[in-house]
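# Observations on the three-dimensional arrangement
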Amino acid sequence: MSSNIIVKRICNYCKNVFDAKTIKTKYCSHTCNRKDYKLNQKLQKIERSDTETKLKVSESVVDVNSRDFLTVKEASTLLRMSSKTVYRLIEQKELNAFNFSVRKTLIRRKDIDSYFESNLISNDYVNPNRENITPDNSYTINEAVTIFNISNGALYNIIKKHNIPKKTHGKHTLVRKEDLNKIFNTQYE
Ligand SMILES: [Zn+2]
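Rules used throughout
Residues numbered from 1 in each chain as written. Predicted model: local features only at pLDDT ≥ 70, side-chain atom pairs only at ≥ 80, totals over all residues. Heavy atoms only, no water. Donors = N, O, S within 2.8 Å, 3.2 Å for Na, K, Ca; no water. Helix = DSSP H or I, 4+ residues; strand = E, 2+ residues; numbered from the N terminus. Buried < 20%, exposed > 50% of the residue type's maximum accessible area, 1.4 Å probe, protein only. Arc of directions from axis to C-beta. Core = buried A, V, L, I, M, F, W, Y, C linked by side-chain atoms within 4.5 Å. Domains from an automatic or database assignment. Contact = heavy atoms within 4.5 Å. Pairing = 2+ DSSP bridges. Axes fitted to C-alpha atoms, helices over the stretch in contact; angles between N-to-C directions. Phe/Tyr/Trp six-rings, centres within 6.5 Å; stacked < 30°, edge-to-face > 60°.

Quick look at the coordination of the zinc ion now. Summarising the metal site, the zinc ion is bound by the protein donors C11 (SG), C14 (SG), C28 (SG) and C32 (SG), whose distances to it range over 2.2 to 2.4 Å. Mapped onto the polypeptide sequence, the residues donating to the zinc ion form the spacing pattern C-x2-C-x13-C-x3-C. With C14 in the loop between β1 (7–10) and β2 (17–20) and C32 in helix α1 (residues 30–66), the pair connects residues that are 18 residues apart, well separated along the chain. Given the relative accessible area of 27%, C14 is considered partly exposed.

Printed below as a string of structure tokens:
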């Protein structure tokens, strides 16, 4: 014999109160059940594709940072220039590159760093006062390396060359955001 219990439930999909025939019933109707199922499928699909995209993006960043040789396209991303500009720099011998074939030009990561350094404008005024370096107004070296997409060595050279004040804070070395932003922004103009 089927049970005659009637339970008041809230439909998982339309949120209306309905009389459920069993305590396990989750939906007021077959329609709501199906719609909720479809919605979940869709959400899962979106989530999956989000995760994949994130993975791809982080893989390519790690990839570019760990390789010694970069394509013109990759170099242009790092230098925040168009590929055309990068080709022009190569042609004018401002940026060192290797032509392996007509279609294969590779640039050493090292050369990108040195191009970067040699083109910094050297007379930016940097506040020499070390006293007002605080964790709030500063980047740690690690943060700056990531933000400005530069190697540790290149960053230290820039700090030295521009006499940028730095301060030790616990295990970190701090450099004022203002000072680095000033230097790196002028670079791209
Ligand atoms: Zn419903």
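Okay, helix α6 (residues 152–161) next. Taken together, the buried positions of α6 are occupied by A154, L155, I158 and I159. One face of α6 carries all of its buried residues, which in axial projection span an arc of 140°. One or two residues past the end of α6 sits N163, with phi positive at roughly 55°.

In terms of nonpolar packing, the biggest core is built from 29 residues, with L95, I107, I150, L155, L180 and F184 touching the most fellow members. Composition of this core by domain shows at least three residues from each of domain 2 (67–118) and domain 3 (135–187). Not counting residues up to four positions away in its chain, the partners in contact with I150 are R109, D113, F116, A144, V145, L155, I158 and F184. One finds C11, F18, Y27 and C32 within the second-largest nonpolar core, a separate group that totals 5 residues.

Let us now look at the sheet that holds strand β8 (residues 172–176). With antiparallel pairing, 3 strands are arranged side by side in an open sheet as β6-β8-β7. Only two strands of the sheet have a single neighbouring strand rather than two, namely β6 (138–140) and β7 (166–169). On average, each strand axis in the sheet is inclined to that of its neighbour by 35°, with strand direction left out of account. Pairing analysis gives 4 bridges linking β7 to β8, with the strands arranged antiparallel. The residue bridging T168 from the neighbouring strand is T173, located in β8.

Right, let's talk about the packing of aromatic side chains for a bit. What the rule picks out here adds up to 2 aromatic pairs. Between F69 and F98 the ring centres are 5.9 Å apart and the planes differ by 75°, which places this aromatic pair in the edge-to-face class. Of this pair, F69 sits in strand β3 (residues 69–71) while F98 sits in strand β4 (residues 98–101), placing them 29 residues apart in sequence. With centroids separated by 5.8 Å and ring planes inclined at 80°, the aromatic side chains of Y139 and F148 adopt a geometry described as edge-to-face. Grouping residues by exposure puts Y139 and F148 together as buried.

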